[in-house]
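Reading the structure
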Amino acid sequence: MDSVVTLEHVRKSFGDFVAVHEAHLSVGRGEFFSLLGPSGCGKTTTLRLIAGFELPDEGRVLLEGKDVSRVPPYRRNVNTVFQHYALFPHLTVRDNVAFGPRCRKLPRPEVERRVQGMLEAVHLVPYADRKPAQLSGGQQQRVALARALVNYPTALLLDEPLGALDAKLRQAMQAELKRLQREVGIAFVYVTHDQGEALTMSDRIAVMNEGRLEQVGSPEEVYHSPTTAFVAGFIGAANLLPARVVSLGEGRAAIAVAGDQPAEAAAPTWRAEPGQGATLMVRPERLRLAENGQGVSARLTAVVFQGAVVRCSLRTPDGSELVAHVGSDRPSPALETGRNYRLQWDPDAARLLPPPTQGAGAPLDAGVAGGSPVGPPAAASSTFHP
Amino acid sequence: MKPALRGQAGSRWGGRLLELYAGLVLLYLFLPILVIVLFSFNRPDGRFNFVWKAFSLAAWQDPLLYPALVEAMRLSVSVAAVSSAAALVFGTLIALALCRYRFRAAGAVNLFLVLPLTTPEVVLGSSLLSLFLSLDAVMGYWTIVLAHVMFSISYVALTVRARIRGFDWTLEEAAMDLGATPFQVVRKVTLPLIAPGIAAAGMLSFALSLDDFIITLFNAGSRVTFPLYVYGARRAAFPPQINVLSTTILAVSLFVLGVIVLWQQRVHRQNLRWIPESR
């Protein structure tokens, strides 16, 4: 079992507020793992549970297979990069980086060797004798990274580390972080509310909402095959329409949508019966507009030119609103508001999600149950079996 | 432009008046201190150093001439040191508790902290005296120290609390995250960062203890501190050595105060500027 961080059915509440329900996940060696969700979804609490700043009410936290649920932070071999870095203002850059090794009473030459190596890795040697106050935001960020990585942690925990930087610097630091992570080969557990950041950097993403893990998977999986409406809506833009399963075939499902119009979607990854309600999810860029032929009929209500794409707002006969992104260089068909068009899609691009009543409350089993905690779940369907 | 110019011209007299007024207030504040310093260089006629006669360095050359005065000074410094040390420990812990944790008694603790500052000293002194008497305590060194610790704790707690209000507690988490035990966290992070506040509080409580008169008078028994000696001296003899020792205290206080202020400014700048730019 090559899992460095494992949460087993962890639950944490503060008074009446349950911050984390049933968190169950594992992070593999050298993996870049993101906890993604809106603010207040429990992602920072999850990180603090791993760091040891919070103790779980139920469940276990394991580091390299050892139960550390009751071990204080200073005896856990994980290190944190804090949101505002929390650099020690009274210490120089070098002393900040040396703080961990010195606390652990490593021999002096070893401390110096490690600190020097780390300062070189993050290009901070010329600034080694400055105080944090004399550094720019990006430099402070690198000190925080060096100070954590110098301890060779089992996993590095990062709490929205790029949140305080401006957009341009953030992009540069994303690349830098990814490079550093590959170089040191240490697992990163990365908390962010920025879906773009999570998609760009992660090997796997855990999407959280209201203290629950909604889905765990690779960026491609959570984007193309979201298992809940929340994930579909939170990562990228998504059209979500109420639908009814008509029949199930080989990899395909015939459905009725938007006022009982027939359409096709990928077979659901959960147990669905013909006649059952579901939610249809199609990304705006996967919708095509046609003047006639097959497809769901909808009226074009607005057209907005956005550069690379034209954003088309449509309304189906039953009143559902849809958005389609059409390449702006494609002239046909002519886009005229008020006209009816046919909406077409590749059945593989249309996912059926369980209706909200079934999705909520079902315990989500992310990654561990499949036997291999590191790799993606064998099939998304395993997500819904206890 | 014009009204502004006229305003400036008109305010010239107002400005002069304001300067004069401010000068008079400062004079009023500092005249007693000036007199004390000045009269330490006096060669008085007889036992009382109240009338200027002639300039002399005699008292400065022999400041420890009167054993009773030296003994009073020694007692005052000793009481101030011991009571400040005790008040620093307790007061700092109270301040840390009030800043760090939300607890049910916090409001009550806040009230109790302000009480010794607002209660008349006569009340504090006399109630302490009755307490000590009912306990059959021997009045003397330790009753003075206890009394001083009592009011100094308030000053220390309030001063330290004011200084550590903006302290970033995630620094303690960061230290713990890097492997520092709770003891190492306090020694390597918390104390170095709040030390200027503690130093200022120590200075304040030392000065308060050194010059306390009323509460000490009630609880000193037969012991005589420096302020009690000076008060008693007005009847028997008031040598310029009193002025010399007072001036020395003043000089030392000003020096220490200056050092602490400079140090605080440095630490404060560090604390303010390390927060990452968020644009």
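On a predicted model such as this, the values are computed, not experimentally measured, just so you know.

Let us now look at the pairing of strand S3 (residues 32–36) of chain A. For a regular strand, the rule is simple: side chains alternate between the two faces of the sheet. Residues and elements named next belong to chain A. Burial of S3 is extensive: 5 of the 5 residues sit out of reach of the surface. Residues Phe 32, Ser 34 and Leu 36 line one face of S3 and the alternating positions Phe 33 and Leu 35 line the opposite face, and both faces are buried. For S3 and strand S8 (residues 187–192), the ladder comprises 5 bridges, and the chain directions are parallel. Residue pairing across strands places Leu 35 opposite Val 191, the latter belonging to S8. Where S3 lies against strand S9 (residues 204–209), 4 bridges are found, and the strand directions are parallel. When the sheet's bridge partners are listed, Leu 36 is paired in S9 with Val 207.

Because the α-helix completes a turn every 3.6 residues, residues three or four places apart line up on one side. Relative to the 44 Å expected for 30 residues at 1.5 Å per residue, helix H8 (residues 182–211) of chain B spans just 38 Å between its end C-alpha atoms, considerably shorter than the ideal helical length. Where H8(B) bends most, at Ala195(B), the angle is about 55°, and the proline Pro196(B) comes one to four residues later.

What follows covers the sheet that holds strand S2 (residues 17–28) of chain A. All names here are of chain A. With respect to topology, 4 strands assemble into an open sheet ordered S2-S1-S4-S5, the strand pairing being antiparallel. If you trace the sheet from one side to the other, it starts and ends with S2 and strand S5 (66–67), each paired once. Of the strand pairs in this sheet, strand S1 (residues 3–14) and S2 are connected by 8 bridges, and their pairing is antiparallel. Counterpart to Val 10 in the pairing with S2 is Ala 23.

As a further point, take the confidence of the model for chain B. Do not read the predicted coordinates in detail wherever pLDDT is low. Residues and elements named next belong to chain B. Per-residue confidence for chain B gives a mean pLDDT of 87, with 92% of residues at or over 70. Confidence drops under pLDDT 50 across residues 1–5; counting only partners more than four residues distant or on other chains, this segment forms 0 contacts. Overall, residues 273–279 carries pLDDT values under 50, and its contacts beyond four positions in sequence, including any with other chains, amount to 22 contacts.

With that settled, consider the interface of chain A and chain B. Taken together, the contact between chain A and chain B spans 35 residues of the former and 27 residues of the latter. For the chain A face of the interface with chain B, the top three residues by lost area are Tyr74(A), Pro89(A) and His90(A), together amounting to 23%. Viewed at the interface, chain B and chain A are joined by 1 salt bridge. Of the charged contacts in the structure, one is a salt bridge between Arg48(A) and Glu173(B), with a shortest N-O distance of 2.7 Å. Across the chain A-chain B interface, the total number found is 6 residue pairs in polar contact (both at pLDDT 80 or more). Contributions of two or more residues to the side of chain A that touches chain B are made by helix H1 (43–51), strand S6 (78–81), helix H2 (93–103) and helix H4 (137–149) of chain A. For the side of chain A that touches chain B, a count of residues per class yields 18 nonpolar, 10 polar and 7 charged.

Conventions adopted
- Residues numbered from 1 in each chain as written.
- Chains lettered and ligands numbered in written order.
- Predicted model: local features only at pLDDT ≥ 70, side-chain atom pairs only at ≥ 80, totals over all residues.
- Heavy atoms only, no water.
- Buried < 20%, exposed > 50% of the residue type's maximum accessible area, 1.4 Å probe, protein only.
- Helix = DSSP H or I, 4+ residues; strand = E, 2+ residues; numbered from the N terminus.
- Pairing = 2+ DSSP bridges.
- Expected span 1.5 Å × (residues − 1).
- Bend = angle between axes of the 7 residues up to and from the residue.
- pLDDT = per-residue confidence, 0-100.
- Contact = heavy atoms within 4.5 Å.
- Buried area = accessible area lost by both parts, 1.4 Å probe.
- Salt bridge = Lys/Arg side-chain N within 4 Å of Asp/Glu carboxyl O.
- Polar contact = N/O pair within 3.5 Å; in protein donor to acceptor, adjacent residues only side chain to side chain.
- Nonpolar A, V, L, I, M, F, W, Y, C, P; charged D, E, K, R; others polar.

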